Amino acid sequence: MIHGANWTGPLVLERLVAFFVEHPYAALRAETGDLFPTDPKHPLDGLDIVRATLRVLGPQSIAAKRLLARARGKAKALSVAELCRETGDAPATFNRWVDLGSKNVAIWLNWREGKLLPLHRDGGELVSDQW
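The structure presented is a predicted model; accordingly, all values stated were derived computationally and were not measured. (Residues numbered from 1 in each chain as written. Predicted model: local features only at pLDDT ≥ 70, side-chain atom pairs only at ≥ 80, totals over all residues. Heavy atoms only, no water.)

> For the packing of aromatic side chains, give the residues involved together with the corresponding values.
Across all of its chains, the model carries two aromatic pairs by this definition. Each ring, one from Trp108 and one from Trp111, has its centre 6.3 Å from the other, and the planes form 40°; the classification is tilted. Taken together, the positions of Trp108 and Trp111, both in helix H5 (residues 91–112) and three residues apart, correspond to about one turn of that helix. What makes Trp108 buried here is its relative accessible area of 18%. (Phe/Tyr/Trp six-rings, centres within 6.5 Å; stacked < 30°, edge-to-face > 60°. Helix = DSSP H or I, 4+ residues; strand = E, 2+ residues; numbered from the N terminus. Buried < 20%, exposed > 50% of the residue type's maximum accessible area, 1.4 Å probe, protein only.)

> Requested: an account of unusual backbone geometry, with residues and values cited.
Residue Ala77 is not a glycine yet carries a positive backbone phi of 60°. By secondary structure assignment, the location of Ala77 is in the loop between helix H3 (62–75) and helix H4 (80–87). Relative accessible area serves as the criterion here: at 67%, Ala77 is assigned to the exposed category.

> For the side chain of Arg66, give the residues involved together with the corresponding values.
Inspection of the secondary structure puts Arg66 in helix H3. In this structure Arg66 comes out as buried when scored by relative accessible area, which is 14%. Polar contacts involving the side chain of Arg66 include one to the side chain of Asp89, which spans 2.5 Å. Residues contacting Arg66, with those up to four places away along its chain left out, are Thr87, Asp89, Phe94, Trp97 and Val98. (Polar contact = N/O pair within 3.5 Å; in protein donor to acceptor, adjacent residues only side chain to side chain. Contact = heavy atoms within 4.5 Å.)

> I'd love a proper account of the pattern of salt bridges, names of residues and values included.
One pass over the full model with this rule turns up three salt bridges. Residue Glu14 is joined to Arg15 by a salt bridge in which the shortest nitrogen-to-oxygen separation is 3.9 Å. For Arg15, a relative accessible area of 17% gives the class buried. Here Asp99 makes a salt bridge to Lys103, at a shortest N to O gap of 3.3 Å. Residue Asp99 and its partner Lys103 are located together in helix H5, separated by four residues, close to a single helical turn. Look at Asp99 and you get partly exposed, because its relative accessible area is 37%. By relative accessible area, Lys103 is classed as partly exposed at 30%. (Salt bridge = Lys/Arg side-chain N within 4 Å of Asp/Glu carboxyl O.)

> So, the environment of Ala64: which residues are in play, and what are the values?
By the element assignment, Ala64 lies in helix H3. A sequence separation of 37 residues divides Ala64 from Gly101, and the C-alpha atoms of the two residues are 6.4 Å apart. Those residues in contact with Ala64 that sit more than four places away from it in its chain are Thr53, Leu54, Leu57 and Gly58.

> Describe the packing of helix H1 (residues 9–22) against H5, with residues and values.
H5 packs onto H1 with a crossing angle of 95° between their chain directions and a minimal axis gap of 7 Å. Comparing their axes, H5 and H1 come out roughly perpendicular. Contact with H1, carried on its side by Gly9, Val12 and Leu13, involves Val98, Ser102, Lys103, Val105, Ala106 and Leu109 of H5 and no other residues of that element. Looking at the contact of H1 with H5, its residues break down into six nonpolar, two polar and one charged. (Axes fitted to C-alpha atoms, helices over the stretch in contact; angles between N-to-C directions. Parallel < 35°, antiparallel > 145°, perpendicular 65-115°, else oblique. Nonpolar A, V, L, I, M, F, W, Y, C, P; charged D, E, K, R; others polar.)

Below, the structure is given as structure tokens:
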């Protein structure tokens, strides 16, 4: 279980892959992200990270679909090229969606842990890289 970690995009992807290695046939179509634990002391891992992904990115968003597809594909040893044949994306586009989605989930998980986000030069919070 992960708790109080300094979440990063790669760590989010790693934990999603670990979930799909353990649960390769998990059906996610019914997940909404509404069941995310409200207790900040609850250790996060597995289905919690899937739910965080769906909550932060939106269950029907391209970023959530690509991030979860990449995690499930990596757990099954599928290449990005194989996943791109299914989605119709160019590999660079697919990877940008995965990167953007995982970073945004990491930012939200760190915020949930009470960690402050870095300030952007305009005084607002830096949320993610835009592309």
